[in-house]
Amino acid sequence: QVTPSRPTAAPDLLGVSRTVSSGAIRYEAVGCEIDLGDVLRVTFNVGDRTIIAVGKVAWSTEIDPITMDVGLEFVDIDPQSAQALEQILSDTEVG
């Protein structure tokens with residue numbers, strides 16, 4: 001589950017992650033309009049770790065009238081979260 005929100009006072013939205021890397025996340029957003037270049041804050045879990053990052057919408061594709069497939073490139077992620085994400089992803093690739 002991904003919780004994207006705009007850095008402003010806009011309400012949180014829910015999405016479902018599809019893929020994640022150390023520099024980006026792909027997720028499906030339901031019931032919201034997301035435009036190319038939007039800057040969003042996302043919160044998601046990988047393993048037992050909660051990751052919070054700010055990213056810029058690199059691409060988005062309409063799946064159906066209420067669902068968007070979104071690619072978000074991270075532009076700001078705290079070093080501890082980035083390190084934890086890289087470690088979890090490298091452990092997943094090995095195992």
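These figures come from a predicted structure and were not determined experimentally.

The helix and strand tally for the protein chain stands at 1 helix and 6 strands. Shown N-terminal to C-terminal, the secondary structure of the protein chain runs as helices and strands in the order β-β-β-β-β-β-α. The 95 residues of the protein chain split such that 32% are buried. Taking as baseline every contact in the protein chain between residues at least 6 positions apart, the subset at least 24 positions apart corresponds to 46%. A total of about 5,700 Å² of accessible surface is found on the protein chain, and carbon and sulfur atoms cover 51% of it.

It is worth spelling out the side chain of Thr-67 at this point. Summarising the element assignment, Thr-67 is placed in strand S6 (residues 67-77). Excluding its chain neighbours within four sequence positions, the residues that come into contact with Thr-67 are Glu-28, Ala-29, Val-30, Thr-61 and Glu-62.

Moving on to the side chain of Ser-81. Inspection of the secondary structure assignment puts Ser-81 in helix H1 (residues 79-94). Filtering out sequence-adjacent residues up to four positions away, Ser-81 remains in contact with Arg-49, Thr-50, Ile-51 and Ile-52.

This next bit is on the pattern of salt bridges. In this structure the tally under the stated criterion is 2 salt bridges. Its salt-bridge partner being Glu-28, residue Arg-18 comes within 3.2 Å of it at the nearest N-O pair. Of this pair, Arg-18 sits in strand S2 (residues 15-20) while Glu-28 sits in strand S3 (residues 24-30); the two residues are 10 residues apart in sequence, bridging distant segments of the chain. In this structure Arg-18 comes out as partly exposed when scored by relative accessible area, which is 41%. Linking Asp-69 and Arg-26 is a salt bridge whose minimum nitrogen-to-oxygen distance equals 3.1 Å. With a gap of 43 residues between them, Asp-69 in strand S6 and Arg-26 in strand S3 connect regions that are remote in the sequence. A relative accessible area of 10% means that Asp-69 is categorised as buried.

Reading guide: rules and limits
- Residues numbered from 1 in each chain as written.
- Predicted model: local features only at pLDDT ≥ 70, side-chain atom pairs only at ≥ 80, totals over all residues.
- Heavy atoms only, no water.
- Helix = DSSP H or I, 4+ residues; strand = E, 2+ residues; numbered from the N terminus.
- Buried < 20%, exposed > 50% of the residue type's maximum accessible area, 1.4 Å probe, protein only.
- Contact = heavy atoms within 4.5 Å.
- Areas by Shrake-Rupley, 256 points an atom, 1.4 Å probe, with all protein chains shown as cover.
- Salt bridge = Lys/Arg side-chain N within 4 Å of Asp/Glu carboxyl O.

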